[in-house]
Amino acid sequence: GDRRREIQVILEPERLASLRLSLLGAFGALQQENFNIPAGRLHSGERELTLRAMGKFRTLEELSRLEIPTPAGAHVQLREIGEVKDSYQDPETSALFNGKPAVMFGVIKQSSANSVTVGDAVRQKLQKLQTLLPAGVSIRESRDSTVFTKESNQSVWEHMIVGGLLAVAVLYLFLRSFAATFIGGLAIPISIVSTFFLMQMAGFSFNLLTNLALSMVVGILVDDAVVDLENIYRHMERGTESIKAAIAATFEIQLAVTATTLAIVAVFLPVAFMTGMVGKFFKEFGITVTFAVLMSLLVARTVTPMLAARMLKVRKRATGASEDTGFFLAPAYRQLLAWALGHRKSIVALATLAFLGGIALIPFIPKGFMTQADRKEFSLQVKLPKGSSVATTERAAQQVEQLLLRRPEVKQVFTIVGSRNTSDQAQLYVQLVDRHDRQLTDQEVAQLIRDEAQHIPGLQTKNQVIGMVAQGDFNYPVYIQLRHDDLAKLQLYADTLIAALKQHPQFTDVDSTLAQIRPELRLQLDRSRAAELGVTPAAIAQTLRLATMGDTTTTFNEGEYDYDIRVRANPAIKNDPEWLKALTIPVPGRPPVAIGAVADLQYAPGIAEISRQDRSRMAAVVANLRPGTPLGSALQVARQAVADLKLPPEVMVEFAGQAEDMRETFTALGQALALAIVFIYLILAIQFESFIHPFTIMLSLPLSLVGAFLALWLSRTELGMIAMIGIIMLMGIVTKNAILIVDFAISLRQQGMSRLDALLHAGPIRLRPILMTTAAMTMGMLPMAFRIGAGSEFRYPMAIVVIGGLLTSTLLTLLVVPVFYTLLDDLSAWLRRWTGWRESARAMTDPYSEA
C-alpha cells in the first residue's frame, strides 16, 4: 500500500460546537502559524545581521499547545479541542501476496532499454538487498514480464535449430550426398549470422517479432542454395567438369533465383513501411525477413557454387540415359504433364474448381484479431458496489485469492486493492505453473475462477488475459459505443443491450460504464436561507472536506524531512452522516451557522462515470469472450443484437476496441497484399522482359490460397493478423515453382526447341528442385506448426497457412502453370498476328506508304 507518514490534527466536532468554533476556524488559525519569517536586517557595529522570526513548531508538544482564538474572545489550546499524533495517511490501497500483507513496487524500463537486460540487473540487485533485510521480511517477484520473453525467445531458437536440421535433412534425402548436404545446409548459419550484423546496424534487438521472422525464414534460407546446388549436381551428372558445371549451372538459373528472392522482398518491404498498427507491429519483422533472404541470395550466388566446385563429387549418369531420369519421379511426372497439356480445358476447370472451393471455405473459418499466447499468467479484476471501503474490498479479494490458491494450476497470487481514484476495486495478478504441468490453458483457468467467484455475494469479476496488446477497458473483445444527448435514454438503451448480450453464452463480463452506480449523499442547499445567514456554498464544501478527508495546511520539520500536517475531524463522524448537519460554518461578524440550518441531506444513486465523445454523451457496453469463441463470430452476434434493438436514428452506434483494431488491421493487410501482388508483377516483368509471362507465373498465387484456407479450416485455426501475414508471405514464395519451370522453358525455346518439347523437358528437370525447396520450407516451419514452447500459440497460425499453401500450390502448379503458359502463349501469338493484320491493312489504305 501507499501510506506516507504525516502529522494528524484530529478535532472533535462536539467540543468545537461547545466553544462556537468551526473546523474552518481552527484550520485557518493553524494556517497562520508555523512559519519562520524573514524580518529584515540589523546593523551591529561593523556587521549586518539578518533577522528571522522563528515561528515553526519544533515538537509535537509545542504544536498541541497552540492557542486557538474563540469567537467569545478567549483562547483554547489545540489539545483541548482535539488530538495531535504522529501517524500515517489513511490507506487508499493495500497489497497482498498469497494472502499475506505486502508492499509493492515496480520497475519500468526506459523506452530505449532492453527489458531482459533490465530484468536481470534488477534481479541481481534484489538478491543483494535480501541479505540486508530483517528476519521475516522477504522480497518476492510477483510478476516479471521478461520471463515469458526469455522463454519465448528460447522456444523460437529451438524451432530454428530443429527446423534448420529438418530442412538440411531434405537435401540428403534427395541428393544422397553428405557433401551436398553440408554445402546446402551451410547457407542457413551464414545467412542468419549475416542477418545479425544487419539487424545490429538497423538498431534491432532479439524480440518476439525479429525472432519470429528468423524462425519463419529458416526453410527459405536454404531455398536459393538448394536450387543452385541441385542444378550444379545435375550438370555434374551429365559429365561436366566440376568448375565448369558450377559456373554454367549458376549462370543458367540466375534469373529464376534472383526473381524468387526479389519477390519475397517485394512482399515484405511494403508491410514494414505501412502506417498504423500493422506498420508499427511488423516493421522489424518485415525488414528482418528482407535482410535474411537477401543474405541467402548472396550465399547462393557465391559460397554455394564455390564449395560445390571444390567439394561435390557426383557419379556420372549412364550413357544414353535421358536427362530427366536423374530423379525417380520425373518419368511419371512427364507422362502426367503430357496428358495435362493435351487436356487443357480439364486442367483449367480443375484449377478453377479448386480456387472456388478454397474461397468457399472462408465463411467456415473462425475469424479473430490476434491469437493469444499462453503466458502462464492472467489478471482478474474484482469489483464491489461503488463506495465500498478498502477494507471491505480487501476482504472480498481474499476470498477470491483462496479460490485461486486451491487450484493446482496456480503458483502464486499478487493482489492490489484500491487505487488513488477508487477503493471498490482490486486487481489480482495470477501466475500459473508451467504449461506442461497443467492441462488447462491460462484462459481456461481464468474463466473457471471467474465463474466460481461470481457466486460470492456482491462481487463482480472480469478476466484480463495478459497479451501482447495492452489491456484495459478499451481493449475488450466486444466494445460497443452508444452516443446520445439524453442520459436517461442512453442508460435505457445500454441496459437493454446488456440484457440482450447476456442471452448468448459466448459472452462473459457484460457491463457498461453507465451500469456502475455510486451511492451519493447530496447536500441540498437552501440558497435564500444561506444568503440570509451569510453562508457560501464554498465554505460548506470546504468544511465537509475537512470533516471527511482532512486537508494539509503546513508541514512539520524533523531533521532533514518535512511531513504534512493534516487537519481533520474525528473519523468516527463518517459512521453517522447526521453529524455533518451539526458542523458549523464561520460567518464574519456573526455566530457560526450549523450546516443543518441551511442544507438538508439526501441519499441518491449517482452514475460513477459519464463519458463524452464527439460532443455527445457516450455509454460503452463491453464484454469478454469465453475461451474458444472466435472474435469474428462474436461480433456478428453482437451486431445482430444491436440491430434487433431497432434504436432510433439519433443514437449513434460504433464498434470499437478489438473490433476496430481487427477492422483496421485487415484493411491494412489487404492493402499490403494488393501492393505486394503489384510489386511481384513489376519485378517479374522486368526480369522476363515481358508483360505476358508474369501472368503465367502469378497464377500460382490464387492456387496457394486453396491450401491456406483448407489448412485453417481443418485445424480450426483463426484467420487473424498472424495468419494474414502468412498469406502475404505465400505471395512471395509460391511463385518460385512457376519461375523455375517457365524460365527454363523460355530458355529452351530460345535454343530452338518447340513449345511442347520445352515444357516436357523443363518440367521433369525442375521437378527435383521444386520438391526439394517445398519440402525444405515445409520442414523448416513444422516445429512452429506443432505449437511447442512458450509463445507458440501466437506464431503457429503463420506456419499453418504457409505449409498448407505451399503443399497445394506445388501440386497444382506442376500441372496448371505449364497449361496456362501455353494458353497465354497462344493469346500472345494471336495478339501479334492481329497487330500485324492491322499494320498491313493500314499500309494498304495509306496513300503515302512506300507500297
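Each remark here, short or long, concerns the structure printed above.
A brief report on the enclosed structure follows. (Residues numbered from 1 in each chain as written. Predicted model: local features only at pLDDT ≥ 70, side-chain atom pairs only at ≥ 80, totals over all residues. Heavy atoms only, no water.)

With that settled, the discussion passes to the nonpolar core. Counting residues in each nonpolar core, the largest one holds 172 residues, and the members touching the most others are Met216, Phe285, Ile480 and Ile733. Here the element with the most residues in this core is helix α30 (residues 792–845); it accounts for 17 residues. Those residues in contact with Ile733 that lie beyond four places of it in its chain are Ile220, Ile264, Met777, Val802 and Leu806. The next biggest cluster of nonpolar side chains, apart from the first, holds 41 residues, and it includes Leu23, Ala539, Ala547 and Ala569. (Core = buried A, V, L, I, M, F, W, Y, C linked by side-chain atoms within 4.5 Å. Buried < 20%, exposed > 50% of the residue type's maximum accessible area, 1.4 Å probe, protein only. Helix = DSSP H or I, 4+ residues; strand = E, 2+ residues; numbered from the N terminus. Contact = heavy atoms within 4.5 Å.)

Turning our attention to the sheet that holds strand β6 (residues 82–88). Reading across the sheet, the four strands line up as β6-β1-β17-β16 and stay open at both edges, with mixed pairing between neighbours. Looking at strand neighbours, the two that pair on one side only are β6 and β16 (551–558), the edges of this open sheet. For this sheet, the mean inter-axis angle between neighbouring strands, taken without regard to orientation, is 30°. Bridge count between strand β1 (residues 5–11) and strand β17 (residues 561–569): five bridges; the pairing is parallel. Bridged to Gln8 within β17 is Arg566. Here helix α2 (residues 23–31) sits on the sheet and contacts β1, β16 and β17; the angle it forms with β16, its principal contact strand, is near 35°. Packing against the sheet, helix α21 (residues 537–548) makes contact with β16 and β17, and its axis sits at approximately 110° to β17. (Pairing = 2+ DSSP bridges. Axes fitted to C-alpha atoms, helices over the stretch in contact; angles between N-to-C directions.)

Let us now look at the pattern of salt bridges. This structure, assessed with the given rule, holds 23 salt bridges. Notably, a salt bridge pairs Glu230 with Arg768, separated by 2.9 Å at the nearest N-O pair. Remark: Arg768 occurs in helix α29 (residues 755–785) and Glu230 occurs in helix α10 (residues 218–237); sequence separation between them is 538 residues. Take Glu230 and Arg768: they sit in the same class, and that class is buried. One network of salt bridges, in which partners are shared, links Arg344, Arg749, Arg755, Asp825 and Asp826. (Salt bridge = Lys/Arg side-chain N within 4 Å of Asp/Glu carboxyl O.)

Looking now at the sheet that holds strand β8 (residues 100–102). With respect to topology, six strands assemble into an open sheet ordered β8-β7-β10-β11-β9-β12, the strand pairing being antiparallel. Each end of this open sheet is capped by a strand with a single partner; those strands are β8 and β12 (460–464). Put simply, the sheet's adjacent strands are angled 25° from each other on average, direction ignored. Helix α17 (residues 390–405) contacts β7 (94–97), β9 (377–383), β10 (410–417) and β11 (425–432) of the sheet and is inclined by roughly 170° relative to β10. Against the sheet, helix α18 (residues 442–453) makes contact with β9, β11 and β12, and its axis sits at roughly 20° relative to β9, the strand it touches most.

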